[in-house]
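Report on the structure
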Amino acid sequence: LAYLIGRDFGGLVLGLDTISIRSAFDLLDGGAEVVVSTDWPKEDFPKRPDPYNNNFICHPHTDAIARIFLEAKRRIIEEQELWGYTGPLLLTKFVNDPQSGVVGCSYPELCGWAPGYIWRFYLGLETPGPTVRVIHLCATAYRALYERRYDDWARQYPDYAGEVSRRTDINERFLKLP
């Protein structure tokens with residue numbers, strides 16, 4: 001559905017767990033027909049088969065978004081694959097083709113933080129930099145943080161909690177926020 005909307009109307013297509021904090025339309029000024037969100041820093045790319053997520057911005061009625069739409073439709077009808085097959089894996093295929101008209105934007109412009117670091121935003125330890133247009137909240141990855149249940153989060157992710165507090169004997173007391 002997102003690709004159909006993009007094809008017919010263009011615009012910024014975001015997941016429900018995102019916050020748009022600045023206009024992103026300038027990302028299309030470089031000549032790309034579709035700009036896809038980079039979900040990971042470049043140094044993590046070799047580890048990831050799908051370094052892009054489903055957030056994108058596009059011009060309407062372009063060949064690139066039409067091809068993405070048709071390939072997603074074909075995959076849904078003809079193949080039944082795992083998560084990401086019509087999202088990150090599909091978009092990565094197009095970004096990797098230099099003739100496609102699809103580019104991945106610089107990290108973290110349409111993302112904010114990689115999923116493994118969004119907790120820094122939730123805990124108020126970091127704010128978006130000046131180039132960030134969209135924050136991908138990764139709400140399902142850190143549901144306890146999203147729901148402000150810091151004690152549960154500290155128990156589930158003691159390594160992150162220790163990094164926040166700089167203590168080796170971390171427990172949930174050190175994560176209480178006012």
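In short, a report on the structure. Every value quoted in this text rests on a predicted model; they were computed, and no experiment measured them. (Residues numbered from 1 in each chain as written. Predicted model: local features only at pLDDT ≥ 70, side-chain atom pairs only at ≥ 80, totals over all residues. Heavy atoms only, no water.)

Here we take up the sheet that holds strand β3 (residues 34-38). Strand order in the open sheet formed by four strands is β1-β4-β3-β5, with mixed pairing between adjacent strands. Looking at the sheet topology across the chains shown, the edges are occupied by β1 (11-13) and β5 (102-104). The sheet shows a mean angle of 25 degrees between the axes of neighbouring strands, direction not considered. As defined by bridge partners, β3 adjoins β5 across three bridges and the pair is classed as parallel. Paired with Val 36 across the strands is Gly 104, a residue of β5. Helix α1 (residues 2-9) contacts β1 and β4 (52-58) of the sheet and is inclined by roughly 20 degrees relative to β4. (Pairing = 2+ DSSP bridges. Helix = DSSP H or I, 4+ residues; strand = E, 2+ residues; numbered from the N terminus. Axes fitted to C-alpha atoms, helices over the stretch in contact; angles between N-to-C directions. Contact = heavy atoms within 4.5 Å.)

Across residues other than glycine, the phi torsion is negative in most instances, and most of the peptide bonds are trans. Following Tyr 107, the chain continues to Pro 108 via a peptide bond in cis, the omega torsion being 10 degrees. Unlike most non-glycine residues, His 61 shows phi in positive territory, near 60 degrees. Position of His 61 among the secondary structure elements: in the loop between β4 and α2 (63-78).

The subject of this paragraph is the pairing of β3. The element β3 is extensively covered by neighbouring structure, given that five of its five residues are classed as buried. Pairing between β3 and β4: four bridges, direction antiparallel. What sits directly across from Val 35, in β4, is Ile 57. (Buried < 20%, exposed > 50% of the residue type's maximum accessible area, 1.4 Å probe, protein only.)

This part covers the pattern of salt bridges. What the rule picks out here adds up to eight salt bridges. Here Arg 133 ties to Asp 26 by a salt bridge, and the two come within 2.4 Å at their closest N and O atoms. Residue Arg 133 is located in the loop between α4 (119-122) and β6 (134-136), and its partner Asp 26 is located in the loop between β2 (18-20) and β3; the two are separated by 107 residues in the primary sequence. According to the relative accessible area criterion, Arg 133 is buried, its value standing at 10%. Of the charged contacts, one joins Arg 74 and Glu 79 as a salt bridge, the two residues approaching to 2.6 Å between their closest N and O atoms. One connected set of salt bridges, linked through shared partners, spans Glu 71, Arg 74, Arg 75, Glu 78, Glu 79 and Lys 93. (Salt bridge = Lys/Arg side-chain N within 4 Å of Asp/Glu carboxyl O.)

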